[in-house]
Amino acid sequence: MQKKLVQSSLAMAAAAALGLGGAFVTAPAMADEPELTQVTAQKAAKSISEVNAFGFDNGTLHLGVEGEGDVDSAEIEKLQKKYGADNVVVKAGIPKVEAYAADDLVGGAGYLLDVPSTGKGGACSTGFSGWDDEGNPVVLTAGHCAEDTDGETGEDLGSTEPVDTELPSSAPARGGEGFEPAGIGSLGTWGYNKYGSPVEEGDDTGSEGDIDFAVINVDESTYNVKNGITDWSDDDLSSSVSAIKSVGSHSEGTVQKSGRTTGLTDGQVIPYESFPFEFMNVSDRWVHGFGVESSPSDPFSQPGDSGGGVFQGDTAVGVISGGGPAEWDDGTPFELGWVADLDYSLEQSGADFNLEEPSDEPEAPAAPKVEDQTIEPEGAITGKAAAGADVKVTWTGAEDGEATAKADDSGNFTLEGPSAEGEYDAKAVATVDGESSDAAAFTVTVEASDDAGADGDEAKADADADAKDDEANADADADAKDAEADAAADGKDDEADSDADGDEKPEAPKVGDQTVVEGGQITGQAAPNVEVELTWKSAEANAGSAQAVPGNGNTTVKTDDDGKFTAEAPAEAGDYNYTAVVHANGQESAPAEFTVTVEAEEAPAERNLTVDPEEIAASDFVQEDKGVQITAEGFDEGEKVTLEVVAGPENVEGITLDEVANEDGVVGFSIYGTNASDPSAYLGQYDLEVTGANDTEDEDALTGSFSVVADEDGNGGGNDGDDDGNGDGGSDLPRTGAELTGLAAGAGLLVVGGAAVVLTMRRKKNN
């Protein structure tokens, strides 16, 4: 049975119900009527004494009153006359709820209060424990727990004082009578508190920040705050808790609460369509929040639970504000709980709150990532660490040693390894802001290259040549006739020797194997302010592949004052064999060889629009669990996506809807009709266009369409649901949005023939 509160009998234009639990779609307001905005709606609602709850949505002001006689009060009729009866919707059966206040001597949420004006005590429940931005421990709770309020007039008489925590074994949630101090001492002092704004007859000023919210600055010399919500299964409340990982908005479905009176309880968030109110009269104060339904025999909250934490899964969504008995229009009683929504309260109060303790000390970086590697003597050791980290590598083996380097912006580092051949046990440690990582262990093998033998042969040849020169010189000394010629030759030899001794051959660059994305940066180390020539060739080409491979190339870059250099990697994915050579003082270094792997960047998702079904029978189209699903894919996460109905049957007024794409770049809409008494009013084709806010000029809108056809012509026709989903009966399969789990879903209206027929787009629930 669909539950809704008593709906007043207002004169309405010929419009169909939305089918969303008591809400109505009304005809457009006349052009000469004043505009009803969020601000004017709030002021108007607060000015009427009979109003116990109100909300404003899509140009419609929803008012909640207690009795049927209040529906037609002079003030409400005046408001409807001013803004149009269609724009002011009234529901009877909405009682004022009572705050579970401290001065009522009702239970709290585990902490006891001194109420100065009465000289008596009270109790409230803690909501959520955490820390402010400076690392100070705090507890969130209800604002009315902090106020010493006159029970008759509602006047604020000052502040209560939190004097102690309540002994858990004495609390009603554990079967006790309550109000027995734990003997630990004061919980702390009030850091912030606000309890709505007074409900006064004729009040038309409105106000910001109608919240029931408080912050206790915890005495950390007495208490240690701990994240989590207790389930009241043990007298040691911290021994069994549910972790809270975030603060967020509530959603429809089951919600839980923990408080010192009723312990851990479940309730159901009342859908906004059935209970379209954002503000509730809580003991003569306006409080922003949402309603929760529970059984009178198993209430969601009771006096003493005020301030208790309300949560869904591991998300904190509110604190208990008040509640009381209520009933649906069919006479079914239920317990109405009002929850002050936490995300709204934090925003309005400006309070800072963290579920994890902020730390002034920087966290230690992760250990570097270094693979086992084989290098030439004094070759390059390479690895990856936190960007900008100072990396120290130490080694033991044929010789002990160490070297340091600074990781670049991508975290890559290169440093010079041992000079002696052999196998070394090495460790790398990264340091950032004085904090050092764990050591990363790896093995370095130093092997001389095959070029060493060739160098030896060259040296022997040079020695032989020198010996011959010596013999020639001796002959010249013996022959006086040739002395002058020999002297000239010796002068030239001296000049050549001087040139060779003055400009030494530069060292080879230090570059390790590395992996980058297309167009990424290759990094290395060489002497300061020298030119480095890089030449590359595709490894696939070396392997003799018959397939097309990336091209070869070369470039020259210059090192900076620290000897670092960067070069742009090839634009195509693949493995490349690189050679790096330093050019300095007319000399050329030995080549350094390394491998670069270029990985392709992930291609953006292809844009696509799915309309399912593209043809639907009219009798199926007017059923809420059926209809047409529109799914748009290929957008950026968080991108605003617009759906427009650009054409339809005669006299159809199109709409434009804006929604946000989810993390997969997908957004969904669901369309169905609500005028089940005349499905034929929807017959015809509907053309759709979907665009994204980030679209470029060369991107076309996604387009699609669907048709609503007569039952005898279409897919479906209202059969008994036994069809297998193919052919004529396919549209009888329920389309509730389950296949669009996690999507944002749009909602809006198409009006056919003025206000006679309404086509509704319903919002899908996120799992």
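Not measured: the values here are computed from a predicted model.

(A) Spatial organisation of the overall build of the chain. Looking only at helices and strands, the chain has 8 helices and 53 strands in total. Among the 767 residues that make up the chain, the fraction classed as buried is 45%. Once local pairs closer than 6 in sequence are excluded, the contacts in the chain between residues at least 24 apart make up 67%.

(B) Quick peek at the sheet that holds strand S11 (residues 161-165). Here we have 3 strands laid out as an open sheet, ordered S6-S5-S11, and antiparallel in their pairing. Across the chains shown, the open sheet's two edge strands, defined by having one partner strand only, are strand S6 (120-125) and S11. Each strand axis lies, on average, 35 degrees off the axis of its neighbour in the sheet, ignoring direction. Strand direction decides the pairing type here: strand S5 (residues 110-115) and S11, joined by 4 bridges, are antiparallel. Within the sheet, the bridge partner assigned to tyrosine 111 lies in S11 and is threonine 165.

(C) Quick look at a negative patch on the surface. Taken together, the side chains of Glu371, Asp372, Glu423 and Asp425 define an acidic patch exposed on the protein surface. Position of glutamate 423 relative to the elements: it lies in strand S31 (residues 422-432).

(D) Highlighting the sheet that holds strand S3 (residues 88-91). Taking strand neighbours across the sheet as the criterion, the 6 strands line up as S3-S2-S1-S20-S21-S13 in an open arrangement whose pairing is mixed. The sheet terminates laterally at S3 and strand S13 (197-198), the two strands that pair on one side only. In this structure, strand S20 (residues 279-281) lies alongside strand S21 (residues 285-288), joined through 3 bridges in antiparallel fashion. When the sheet's bridge partners are listed, phenylalanine 279 is paired in S21 with histidine 288. The strands touched by helix H1 (residues 38-46) are strand S1 (51-57), strand S2 (60-65), S13, S20 and S21; relative to S1, the strand with the most contacts, the crossing angle is about 170 degrees.

(E) Summary view of the pairing of strand S7 (residues 128-131). Residues Phe128 and Gly130 of S7 are buried on one face, and the alternating residues Ser129 and Trp131, pointing to the opposite face, are buried as well. Relative to strand S8 (residues 137-141), S7 runs antiparallel, the two sharing 4 bridges. Paired with serine 129 across the strands is valine 139, a residue of S8. Connecting S7 to the antiparallel partner S8 that follows it, the hairpin turn spans 5 residues, and glycine 135 within it adopts a positive phi of roughly 85 degrees.

(F) Broad picture of the side chain of asparagine 662. On the secondary structure map, asparagine 662 appears in the loop between strand S47 (656-660) and strand S48 (667-673). Exposure remark for asparagine 662: the relative accessible area of 14% places this residue in the buried category. A distance of 2.9 Å separates a polar atom in the side chain of asparagine 662 from the backbone nitrogen of aspartate 664.

(G) Layout of helix H3 (residues 74-83). By the burial criterion, the buried members of H3 are Ile76, Leu79, Gln80 and Tyr83. All buried residues of H3 lie within an arc of 100 degrees about the axis, which places them on one face of the element. Turned more than 90 degrees away from the buried face of H3 sit Ala74, Lys78 and Lys81, all of them exposed. At its buried positions, H3 is contacted by H1, S2, helix H2 (68-71) and S3. At the C-terminal side of H3, glycine 84 shows a positive phi close to 100 degrees.

Rules of the game
Residues numbered from 1 in each chain as written. Predicted model: local features only at pLDDT ≥ 70, side-chain atom pairs only at ≥ 80, totals over all residues. Heavy atoms only, no water. Helix = DSSP H or I, 4+ residues; strand = E, 2+ residues; numbered from the N terminus. Buried < 20%, exposed > 50% of the residue type's maximum accessible area, 1.4 Å probe, protein only. Contact = heavy atoms within 4.5 Å. Pairing = 2+ DSSP bridges. Axes fitted to C-alpha atoms, helices over the stretch in contact; angles between N-to-C directions. Patch = residues over 30% accessible without salt bridge, like charges linked within 9 Å, V, L, I, M, F, W, Y side chains within 5 Å. Areas by Shrake-Rupley, 256 points an atom, 1.4 Å probe, with all protein chains shown as cover. Salt bridge = Lys/Arg side-chain N within 4 Å of Asp/Glu carboxyl O. Lys, Arg positive; Asp, Glu negative; His and termini not counted. Charge placed at Lys NZ, Arg CZ, Asp CG, Glu CD. Polar contact = N/O pair within 3.5 Å; in protein donor to acceptor, adjacent residues only side chain to side chain. Arc of directions from axis to C-beta.

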